[in-house]
Amino acid sequence: MTQKFSDIPEKELVKGITGKYIHTSNNTIGLITIEKDAVLPAHAHSHEQITQVISGKLEMTIDGITQILESDSITIIPSNAVHGANALTDCVVIDTFFPVREDYK
């Protein structure tokens, strides 16, 4: 089954951060748009998360370690790891979660 992100309504996560989500039987995949200076507060969830930066520069802190992610960067956030982010520029990222994020349906 083929889906297009352009056909999926946006969901606002926090001010300046929106996502469009596709769900499989095992994963949730999101196309996330982040405005410059938007902040994703520190949080944790039971899902393993893979974040791939498509464009922009994103400062991300995972379990107390801060790194700068740029286009072509990918990072893995383990299950229950405390993490948050600050957008240094406008960004587009792909987030993949395992298992499915029921709360994003």
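Residues numbered from 1 in each chain as written. Predicted model: local features only at pLDDT ≥ 70, side-chain atom pairs only at ≥ 80, totals over all residues. Heavy atoms only, no water.

1. A few points about the environment of Gly-16
Within the secondary structure layout, Gly-16 lies in the loop between strand S1 (11-14) and strand S2 (17-23). By relative accessible area, which is 14% here, Gly-16 ends up buried. For the pair formed by Gly-16 and Leu-88, sequence separation is 72 residues and the distance between their alpha carbons is 12 Å. Gly-16 has contacts with Thr-33, Ile-34, Glu-35 and Ala-38, leaving out every residue within four places of it along the chain. (Helix = DSSP H or I, 4+ residues; strand = E, 2+ residues; numbered from the N terminus. Buried < 20%, exposed > 50% of the residue type's maximum accessible area, 1.4 Å probe, protein only. Contact = heavy atoms within 4.5 Å.)

2. A look at the sheet that holds strand S3 (residues 28-34)
Spatial strand order, S1-S2-S3-S10-S5-S8: six strands in an open sheet with antiparallel pairing. A single partner strand is all that each edge strand has here, and the edge strands are S1 and strand S8 (74-77). In this sheet, neighbouring strand axes are inclined to one another by 25° on average, regardless of whether the strands run parallel or antiparallel. In the sheet, strand S5 (residues 48-55) pairs with S8 via four bridges, with the strands oriented antiparallel. By the bridge assignment for S8, Gln-52 is matched with Ile-74. (Pairing = 2+ DSSP bridges. Axes fitted to C-alpha atoms, helices over the stretch in contact; angles between N-to-C directions.)

3. Quick word on the environment of His-23
Summarising the element assignment, His-23 is placed in strand S2. The exposure class assigned to His-23 is partly exposed, which follows from its relative accessible area of 26%. Spatially, the C-alpha atom of His-23 lies 9.8 Å from that of Pro-99, the residues being 76 residues apart in sequence. When residues no more than four places from it in sequence are discounted, the contact partners of His-23 are Thr-28, Val-100, Arg-101, Tyr-104 and Lys-105. A polar side-chain atom of His-23 sits 3.0 Å from a polar atom in the side chain of Thr-28. (Polar contact = N/O pair within 3.5 Å; in protein donor to acceptor, adjacent residues only side chain to side chain.)

4. Description of the pattern of salt bridges
Applying the stated criterion to the full structure yields two salt bridges. Arg-101 is paired through a salt bridge with Asp-103; the nearest N and O atoms lie 2.7 Å apart. With a closest N to O distance of 3.4 Å, Lys-105 and Glu-102 form a salt bridge. Assessed through its relative accessible area of 56%, Lys-105 is described here as exposed. (Salt bridge = Lys/Arg side-chain N within 4 Å of Asp/Glu carboxyl O.)

5. Here we look at a nonpolar patch on the surface
On the surface, a cluster of nonpolar side chains totalling about 280 Å² of accessible area is made up of Ile-50, Ile-74 and Ile-76. Along the chain, Ile-74 falls in strand S8. (Patch = residues over 30% accessible without salt bridge, like charges linked within 9 Å, V, L, I, M, F, W, Y side chains within 5 Å. Areas by Shrake-Rupley, 256 points an atom, 1.4 Å probe, with all protein chains shown as cover.)

6. Description of the nonpolar core
Among the nonpolar cores identified, the biggest contains 18 residues, and Ile-32, Ile-34, Leu-58 and Val-93 are the most heavily contacted of them. Elements with a minimum of two residues in this core: S2, S3, strand S6 (57-62), strand S9 (83-87) and strand S10 (91-98). Among all residues touching Leu-58, those that are not within four sequence positions of it are Ile-34, Gln-67, Ile-68, Leu-69, Ala-85, Asn-86, Ala-87, Cys-91 and Val-93. (Core = buried A, V, L, I, M, F, W, Y, C linked by side-chain atoms within 4.5 Å.)

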